[in-house]
Amino acid sequence: MRLEVVQGKKGPKDKVVLITANREPLKVEHLLWILQQWFESEEACYPQSQGYEGKAMLFKAIFDIYNGQKLETVLKRYFLKPSRDGYILNVNSKGGENSHV
C-alpha cells in the first residue's frame, strides 16, 4: 500500500491523502497517519483561532460514527455528500464478488 500526501484544492496548506493498494489491508497505523494528516490540514484550512471548528469538526464526525450514528446521518449533519461512486464492500472473504453500497 502506498500513502501519499499531495496538495489539496482548499488552499496552500490543504493536504489530500492518496491511497494506492494492491489488495493490501489498511492497517491501524495507516489510518492513524491519515487522520494525523487530515487533522493538520483541517486546522490549517479552518483554524479554530479564527472562529472555525477546524479539526474539531472532523473529530466530532468520527466520534458520531464511533457512537453508532449512521453514515448518512453524519454526512447530512456536517453538510457532506456521499461518495458518488458508492462504497465497495467485499462480501466474499475469499476475494469474490464485490457489492456497492
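Residues numbered from 1 in each chain as written. Predicted model: local features only at pLDDT ≥ 70, side-chain atom pairs only at ≥ 80, totals over all residues. Heavy atoms only, no water.

Draft legend 1. Representation of the packing of helix 1 (residues 28–45) against helix 2 (residues 55–66) within the structure. In the contact formed by helix 1 and helix 2, the axes pass within 7 Å of each other and the chain directions differ by 135°. Taken together, the axis directions place helix 1 and helix 2 in an arrangement best described as oblique. Note on element contacts: helix 2 touches helix 1 through K55, L58, F59 and I62, opposite L35, W38, F39, E42 and E43. (Axes fitted to C-alpha atoms, helices over the stretch in contact; angles between N-to-C directions. Helix = DSSP H or I, 4+ residues; strand = E, 2+ residues; numbered from the N terminus. Parallel < 35°, antiparallel > 145°, perpendicular 65-115°, else oblique. Contact = heavy atoms within 4.5 Å.)

Draft legend 2. The layout of surface pockets, seen in detail. Of the volumes computed, that of the largest pocket is approximately 1100 Å³. In this structure, the largest pocket is lined by 30 residues; those nearest its centre are W38, L58, L75, L80 and K81. Every element with two or more residues in the lining of the largest pocket is listed here: strand 2 (15–20), helix 1, helix 2 and helix 3 (71–77). The leading source of residues in the lining of the largest pocket is helix 1, at 7 residues. Along the lines of polarity and charge, the residues of the lining of the largest pocket split into 21 nonpolar, 3 polar and 6 charged. (1 Å grid on protein atoms, 1.4 Å probe; cavity = no way out; pocket = protein on both sides within 12 Å on 5 of 7 lines; lining within 4 Å. Points joined across faces, edges and corners; volume = space filled by probe spheres on them. Nonpolar A, V, L, I, M, F, W, Y, C, P; charged D, E, K, R; others polar.)

Draft legend 3. Quick peek at helix 2. An ideal rise of 1.5 Å per residue puts 16 Å on 12 residues; helix 2 measures up with 16 Å between its terminal C-alpha atoms. When helix 2 is considered as a whole, its buried residues turn out to be L58, A61 and D64. All buried residues of helix 2 lie within an arc of 120° about the axis, which places them on one face of the element. Buried residues along helix 2 sit against helix 1 and helix 3. (Expected span 1.5 Å × (residues − 1). Buried < 20%, exposed > 50% of the residue type's maximum accessible area, 1.4 Å probe, protein only. Arc of directions from axis to C-beta.)

Keep in mind that these numbers describe shape and distance, not what the molecule does.
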